[in-house]
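Listed here are the chains, written in short residue letters.
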Amino acid sequence: WGDCYSPNSDAAHFVPAYLSESENPFNPMNINVMLATLDGMDLEAGDEIGVFDGDVCVGAGIVDGTISSTNMFGIIASAQDPDWPQGTGFTSGNDIFYRYWDVSGSNEITTVEANCLSGCEFAQLGTGYVELSADSGVLGCTDDMACNYDPVATSNDGSCLYDDCSGECGGSAVEDECGVCNG
């Protein structure tokens, strides 16, 4: 899910990392989305678009209507402020990656294709124009740290499990205060 996942269902799914340091982005890049489709259909109100530098969420927005060249969807992405911890903003020159949160399917789409019209790499105080498209693809666990990671999955369905202290995938064993597993 990257550094942009918010498990609170009342909050946005994608939460830019810089918000842990400031409400104001540092030397932001304005990204204008001119088209955004999932399975050939326009994104719906409530769906989200996350902007990533690698696995770091540096900008996000919640769709509130049909996105088009006459109704562009603006997303502000924050650069890395030198006074913030590493991994809270983008690095100029890095490629821009996008992810969707499909609110109706409650799943994250990590393989969003970008047709970049301009501003294809992160740039402080820059501007980009992009058209986005994705297919729901194969649902499964996309977290490679999970014990049930599915390398074929292209969309995270929330099914990821992790080894407990006894090594059981998805198990419930926990270490007690003495460090004994299931003690």
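Nothing here was measured: the structure is a model prediction, and the numbers come from that model.

Reading the values: rules and limits
- Residues numbered from 1 in each chain as written.
- Predicted model: local features only at pLDDT ≥ 70, side-chain atom pairs only at ≥ 80, totals over all residues.
- Heavy atoms only, no water.
- Helix = DSSP H or I, 4+ residues; strand = E, 2+ residues; numbered from the N terminus.
- Buried < 20%, exposed > 50% of the residue type's maximum accessible area, 1.4 Å probe, protein only.
- Pairing = 2+ DSSP bridges.

Trainee: Go over unusual backbone geometry, please, and point to the residues and values.
Mentor: Note on backbone geometry: most residues besides glycine have negative phi, and most peptide bonds are trans. We note that aspartate 39 has phi near 55 degrees; this positive angle belongs to a residue other than glycine. Take aspartate 39: it is sitting in the loop between β1 (29–38) and β2 (41–42). For aspartate 39, a relative accessible area of 43% puts it in the partly exposed group. A positive phi is found at serine 106, a non-glycine position, where the angle reads about 50 degrees. Within the secondary structure layout, serine 106 lies in the loop between β6 (97–102) and β7 (107–109). Classification of serine 106 by relative accessible area gives partly exposed; the value is 44%.

Trainee: Any chance you could break down the environment of valine 152 for me, citing the residues and the numbers?
Mentor: When you line up the elements, valine 152 lands in the loop between β10 (139–140) and β11 (155–156). For valine 152, a relative accessible area of 57% puts it in the exposed group. Along the backbone, valine 152 and cysteine 120 are 32 residues apart, and their C-alpha atoms lie at a distance of 27 Å.

Trainee: So, the sheet that holds strand β4 (residues 56–62): which residues are in play, and what are the values?
Mentor: Ordered by their spatial adjacency, six strands build an open sheet running β4-β3-β6-β7-β11-β10, and the pairing between neighbours is mixed. Looking at the sheet topology across the chains shown, the edges are occupied by β4 and β10. As paired strands, β7 and β11 are joined by two bridges and run antiparallel to one another. When the bridges of β11 are listed, isoleucine 109 appears paired with serine 155.

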